[in-house]
Amino acid sequence: MHTWMRSILFLALLVPAVAQSQPPKSVDFFRDIQPIFVKSCQSCHQGGAAPADLRVDSPAALLKGSLSGKVVIPGKSSESLLIKRISDKSGLGMPPSGPLPDDQIALMSAWVDQGAKIDDTFSANVLPIFKSACYQCHSGSDPKAQLHLDVKSMALKGGASGPVIIPGNSKDSRLVHRVLGEDGQAQMPLGHTPLTTQQIATLQQWIDTGAIWPDGLSAQGSAPTHWAYVKPVRPQLPVVKEAAWVRNPIDRFILARLEKEGLKPSQEAPKETLIRRLSLDLIGLPPTPAEVDAFVADTRPDAYERLVDRLLASPHYGERWATPWLDLARYGDSDGWTQDHQRPSAWPYRDWVIKALNANMPFDKFTVQQLAGDLLPNSTVDQKIATGFVRSSMLQTEPGTDAAENSWNAQIDRASTVGTAWMGSTIGCAECHNHKYDPFTQKQFYQMVAFFNNSAYTPEVEDPVYHKKNAFGEPQMDLPTPEQAQKRDEIKRELQTYKDKLNDSSPEFQKRQAAWEEGVLAFEKQWRPLLATKVVSTDGTTLTAAPDGSILASGKDPDTDTYILDAKAPLGEITAIRLEALPDPSLPQGGPGRDYYGNFMIHDVSVQAGSSADHLSKVAIKEILRDDDAPTVMDDPASQVKQVWVVNAAGHPDRHRVQLLLIPGQPLKIGDGVLRVTIEHKSDVHGVNLGHFRVSATDARNPKMVIDVPADLRPLLNVAHDKRTAQEAESLAAQYRSVSVELAPVREKIAELEAKIEDLHIPKALVLAENPQVPHPTTYVRMRGAFVSKGDLVEADVPNFLGKLPAGAPPTRLGLAEWLVSRDNPLTARVAVNHYWETIFGRGIVETTEDFGTQGAPPSHPELLDWLAVEFMDQSWNVKAIQRLIFTSSTYRQSSAVTPELLERDPSNSLLARGPRFRVEAEMVRDIALEASGLLSQKMFGAPVKPYQPSGQWGWFPGSRPGTDIWQISPGEDKYRRALYVYIRRSVRYPSLTVFDAPSRETCTARRPRSDTPLQALTTLNDPAYFEAAQALATRILKEGGSDTSARATYAFRLVTARKPTAQELDTALSEYDKSLHHFEHNLKEAQAITGQPDAERAAWTMFSNALLNLDETLTKE
Amino acid sequence: MYKERQLDLTRRHFFDQAFGRAAGFGIGSAALASLLGERLFAENAVNHALDFAPKAKRVIYLQQAGGPPHIDLFDYKPELEKRDGEPTPESLIKGERFAFITGTPKLQKSPFAFKQFGNSGAMLSDLLPHLSEVVDDVAFIKSVYTTQFNHGPAQIFQMTGHQIPGRPSFGSWLSYGIGSEGQDLPAFVVLLSGSSNPEGGSACWECGFLPTVHQGVAFQKTGDPINFVSNPPGMTADTRRSSLDLVNKLNHEHLDVVKDPEISTRIAAFELAYKMQTSVPGLMDVASEPASIHEMYGTTPGRPSYANNCLLARRLVERGVRFVQVCHRNWDMHGTNYNDDVINKCPQACRETDRGSAALIKDLKQRGLLDSTLIIWAGEFGRTPMRQPAPFLGRDHHPKAFTIWMAGGGVKPGITVGATDDFGYNPIEDRVSIHDVNATALRLLGIDHKKLTYRFQGRDFRLTDVEGEVIQKVLA
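About the cut-offs
- Residues numbered from 1 in each chain as written.
- Chains lettered and ligands numbered in written order.
- Predicted model: local features only at pLDDT ≥ 70, side-chain atom pairs only at ≥ 80, totals over all residues.
- Heavy atoms only, no water.
- Salt bridge = Lys/Arg side-chain N within 4 Å of Asp/Glu carboxyl O.
- Buried < 20%, exposed > 50% of the residue type's maximum accessible area, 1.4 Å probe, protein only.
- Pairing = 2+ DSSP bridges.
- Helix = DSSP H or I, 4+ residues; strand = E, 2+ residues; numbered from the N terminus.
- Axes fitted to C-alpha atoms, helices over the stretch in contact; angles between N-to-C directions.
- Contact = heavy atoms within 4.5 Å.
- pLDDT = per-residue confidence, 0-100.
- Parallel < 35°, antiparallel > 145°, perpendicular 65-115°, else oblique.

S.K.: Break down the pattern of salt bridges for me, with residues and values.
M.R.: Residue and element names in this part refer to chain A. Using the criterion set out here, one finds 93 salt bridges over all chains in the structure. Residue arginine 257 is joined to glutamate 261 by a salt bridge in which the shortest nitrogen-to-oxygen separation is 3.2 Å. Among the residues examined, arginine 257 registers a relative accessible area of 5% and is labelled buried. Residue classification places glutamate 261 among the buried positions, given a relative accessible area of 8%. Among the ionic contacts, a cluster of salt bridges with common partners joins Glu524, Asp548, Arg578, Glu580, Arg657 and Arg694.

Right, here's the structure in full:
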């Protein structure tokens, strides 16, 4: 039914607004035309297998036309094939059972002449309102007030209180009254935003014009009838004439359809073509000349099947088939979003996929482990790694992000991804409102989301690469090798003994701590304030010294200022000078700064000393230390101005006294000399100067002790031991442990051991963990999809129109996974086999791989799809078996050469009267060049690699720290590894893959577009990675290709395309080669530049190789 | 006229979707057009294919990433000056979420002086001396709001109409809808400057579900402006040409055998690539511009900058590029450190952008191109009229109201649309959404924003999602 809605748009695009001489009667499609189609045409012309591809069961399909083109030319009945055919009374016309009555033919013609309009106001305008505003209550088996707005007859009949729609009379229709909030009753929809004026007007107009509700347009209330929501049953195999062509049931379905269309399948492709096609499809690499020779020479009757089996067993099989799955899994090596931090723990999941595919893990197991491996009883390490599928959602690490919102974003993505990957459904559309076209309600979407709302996370986590805190962190799991695990455990055991030592709380320890505390308090007394003989401001601040040595700023508050304080040295020898920033009630918010918030910022503090104020020299300061945790601007390498102390007092409501400690390189032996302390404020920011402060000096040997206790803990020292809370006591004890001189060796040992663990470089994997306290997860519906607008609480469940959780399955991710792969699920098997089909043939049986809903494309071969789906399940979800069936069919083995007639009849090859021919996936473009040139590394698995890419792509991320985010070309063979292993930075994917339509992996991708652009040509021509392949191929040709030019050219051809060139091609190639050779013989400098040697021959072969690697055939699976 | 265009769109749509391919840069690939036996879009597509008479034929979108403070640049607020330092009225901020502000923030006046300029009397702060010379060519919209308050999502929303990556950006829609005017450059080019890439990343110029051919081509700042447009070092153009001849000949011979039209498409793509190799170096060579032009923009040949990108944008639109996105990311100022405060950073960002933006208006005008080129200057959101608690003067992100400006291409010059309250906090007149801005821009290009659609996953998507009203007051 929903395809009708599509038609409205389609029509809107097609109908010319040509002024018509209106015939007396205005024909209405639904009233006048549709019944004719239903009665006389639709028994044949419907569904995916309609004769000549002409369907009349949906206006969109009707207007799209048949294999011969459009059948309805709006405004021109005489040119419309439909009218010609029904007007043909020679006996060859339509319908075959005999011509329609004349009045019906006249109606049809008039409809076309009037523009073939389909004014279905109902589905275009009214139904969407019903769906988004009414069906939550007024649909299904038990609607509120017994009002079914989802079934035509029942809606027009009305609810418990009588009719609500009076056709032709909106004024008296209760439906209108209620949405307007009249009749003294609450306005509908209850508890939701009222309809807009425009929506109400739409309803009124629809009722006033007769409330036309086209037949067949019932909505979600009744059982779903859309094909994809009905469990597939194994269809009968169709009867075919050319039974000899049939190798397996797939061929029977394909051939039956071709015979119906009067088409014949193409011949089998040559063996060289077949082995290249199979190699690319099964392992993603072209065959070697030796493999081609062996296959061509193999005359056994099952040579082909043997080849398929060899390739299915290859370890490269998993590498090839991982890519389409990883597109669904939105696998990437970075977090995505703004800062797109690197994600070094992602790749173990990628490797898991490769291994699972190679091991031919049944698809049901494959599903359960990825969605809920952690919930399986006694789950293994591998089963946990598999949950990396769920974890692969993006993560927002921009400062200011809310952890709960991050979690929520991940859940939305996870539910939507399951919808696309397993259900072929756009359930994400129901995030904000009930799905406009498919039966998913908003509530059902959030029920799916709820499955993912029970995973453990922490609201803050330290990012080890970027040294910052991210909002939202999920579990990771160490993946040590046995040796690493052993070493790590040894170190950990040793570490524990030191940690125990550190965490000592014996009476002895407490005694030492008490002594330390006393020492710190006593130490305060070892400081002598500098009593100013003079204190001035360069810019007009009034500075007033108090008897305790403190200085208070008042009066003018200049933009920039320098305070200069002179004092007689209070001690003969000085080991440290400290600056205390003190609160004062006269300052904003109590100080200590003069900024609105009591903040201040000091750019520099310097000390001078001498015998008198006129003989001063600068004192070299070795160390500057602080006792506050204010923002460390001075640590920011990007900072242009030296900033020694920035205090964000606003973050310290208690306004602690904070201290800055200056330690000179050598103790100052100053006698009774003079000290000058200069405090500079250079900021342009208005009024961020220091407000109240004191400078003092000490001659103590360990001056750092004054900051042994940070400002916020210091008040605790004056609280008696038995008056401290447990937390306060622990804070102070922890502080003592961190500074205690006695414990210094222990701390050093701990740091050393922790560094040792780091040095093991144990890989980590992203995993999921469920919160066991919540056996049945829930979540809130979010109104209009807005995180902050909570609606009803819903429990995790599957969409009820698709069945329910299997008996005994828990209402968790595990239950969800079991439901997906249960025999009762109508979607999963179809979606999976369709995805394989699309990967192999370039187009799915359902073209819209991502959408099996009513707005998706109908299947081209519905019975085949169902047959494959049932077969897949019957074979216990055996992936390789179902693929083997496809690969060994006659359908697959056809030649892909095309004739103009066939191109005209079936341009997109949906009928499969020929083999697949299309440009290979991005990853294969790279792998073919590497394999043909002999550069390809055989190494599998592990951390992602970085081959050549132009500079400047990375290193420009907001939030990068120096040294991070550098694209350093991988050493050795790693730069020649398969594209699958190339680093996926989601916001800047490897450009030479992106250009060939590799998705960004930010969200789930079911189907890649296949474009052809000049940027691709530039890549394969000039990307140094590709040019290096050309150079290597030239070397290979010279080394392995024989001695004469013709043999070498042939060899090159075979390496790249797997076939020998035709005589004509060889002629062309040789003559161009000769020209090129001639050119380089006269331009040895260029030859040198291109090959590194003044070697014309090598240069000519390099350019020859570069050309071959750019052939259409090279980039194409043929 | 417009029906005809819809037919074309439909046909184009059909081919894109049915074959999953597109040739060359959108339109202009004669080879593909002929092999498909019908005209897809010809170079004069604009003239016959529009819903309305177009005023603008192309767009230069000056994307000011980071969130320029409207209070300090355009939206003068005497009341804010008066109440500087007072707690923000609760009526404004009750229940609000901010990225960084917590508690009750204090009102913060602009530290910069404002004056009126031009016949229109537009108020600008003294940070924009160059823009002040051309205010009579500009339409300011002071009542724009967005729905996102983090940079990444807000920028992606601004450029694609949806906050999550995956939808086509403005330039992609235009490339898809009306293609390129030129033959040897992409329809949609992105030029980047500033302290980093915009937080939204390439999602700000991606093509989403549209064919890749409509993706914005981000020119690199170093090396080849377009990846791999240069031959490998030492290779001459002749050598490249002769290797292409070999590719072409072999492709043609194979086409004769397998008859797949895809091969013709690839042959055309390689020819276009070759043309780009010749045209791009000349395009990038701004040293050929007279000294007066460099003076106007404030550019030095060989030095990448926003101003340099403005000059390049002019050269690109002269060569038929449909949409140039000039993105400068340096407008974030939270006051967390010296370099992040309004007093330092705002003048700096203005020094970086003011002259180039104004020069673009002047330069296009003197070339007679301003009338047909739409310039949009916009950030992803504004900044709070309150001070963020931070050691320096910072303002937080403010999605509820901010100022953008438009010029040229059918925009009514010398006007101001919309107004905010006394604090610049909420719009009080002509509230304008991002979708409204985009709908208006499309309208100026002659396109009804509701009709430029693409079917994906069963839904007809558009740049303006399900919203968008044309701002009539902006139309000349």
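S.K.: Please provide a residue-by-residue account of the sheet that holds strand 13 (residues 616-618) of chain A, values included.
M.R.: All names here are of chain A. Taken together, five strands build an open sheet; the order of strands is 5-8-18-12-13 and the sheet is antiparallel. The two strands at the open ends of the sheet, each matched to only one other strand, are strand 5 (532-537) and strand 13. Going from strand to strand, the sheet's axes swing by 20 degrees on average, the running direction of each strand aside. Pairing of strand 5 with strand 8 (residues 561-568) involves five bridges; the strand directions are antiparallel. What sits directly across from alanine 532, in strand 8, is alanine 567.

S.K.: Residues and numbers for the sheet that holds strand 2 (residues 106-107) of chain B, please.
M.R.: Residues and elements named next belong to chain B. Strand order in the open sheet formed by three strands is 2-10-11, and the pairing between neighbours is antiparallel. Whereas interior strands pair on both sides, the edge strands pair on one side only; in this sheet they are strand 2 and strand 11 (395-398). Strand direction decides the pairing type here: strand 2 and strand 10 (residues 382-387), joined by two bridges, are antiparallel. In the sheet register, lysine 106 faces strand 10, and the bridge partner there is arginine 387.

S.K.: Lay out the side chain of A:Gln484 with the relevant residues and their values.
M.R.: Residues and elements named next belong to chain A. Here glutamine 484 is to be found in helix 21 (residues 482-502). Judged by relative accessible area, glutamine 484 falls into the buried class, the value being 17%. Setting aside its immediate chain neighbours within four residues, glutamine 484 contacts Leu479, Leu760, His761, Ile762 and Pro763.

S.K.: For the pairing of strand 8 of chain A, give the residues involved together with the corresponding values.
M.R.: Residue and element names in this part refer to chain A. In terms of burial, strand 8 is largely enclosed, as six of its eight residues are buried. Where strand 8 and strand 18 (residues 674-681) come together, eight bridges link them in antiparallel fashion. Each residue of the ladder has a partner; that of aspartate 561, found in strand 18, is histidine 681.

S.K.: Which residues make up the confidence of the model for chain A, and what values go with them?
M.R.: Residues and elements named next belong to chain A. This prediction gives chain A a mean pLDDT of 87; 93% of its residues lie at or above 70. Within the model, the stretch residues 1-24 combines pLDDT values under 50 with 57 contacts to residues more than four positions away or in other chains. This stretch, residues 631-640, has a pLDDT under 50; its non-local contacts, to residues over four places away or in other chains, come to 16 contacts.

S.K.: Kindly report on the packing of helix 12 (residues 289-297) of chain A against helix 35 (residues 1045-1057) of chain A, identifying the contributing residues and their values.
M.R.: Two quantities define a packed helix pair, namely the angle between the helix axes and the distance between the axes. All names here are of chain A. Contact geometry of helix 12 with helix 35 gives a least axis separation of 9 Å together with a crossing angle of 85 degrees. Classified by the angle between their axes, helix 12 and helix 35 sit roughly perpendicular to one another. Contacts from Pro289, Val292 and Asp293 of helix 12 reach helix 35 at Tyr1051, Arg1054 and Leu1055.

S.K.: Describe unusual backbone geometry, with residues and values.
M.R.: Residue and element names in this part refer to chain A. In this chain, methionine 94 is followed by proline 95 through a cis amide linkage whose omega measures -10 degrees. As for its placement among the helices and strands, proline 95 is situated in the loop between helix 4 (81-87) and helix 5 (102-113). Omega for the peptide link from methionine 188 to proline 189 comes to -10 degrees, which places this bond in the cis form. Note that proline 189 resides in the loop between helix 8 (174-180) and helix 9 (197-208). Of note in the backbone geometry, asparagine 909 takes a positive phi value of approximately 60 degrees without being a glycine.

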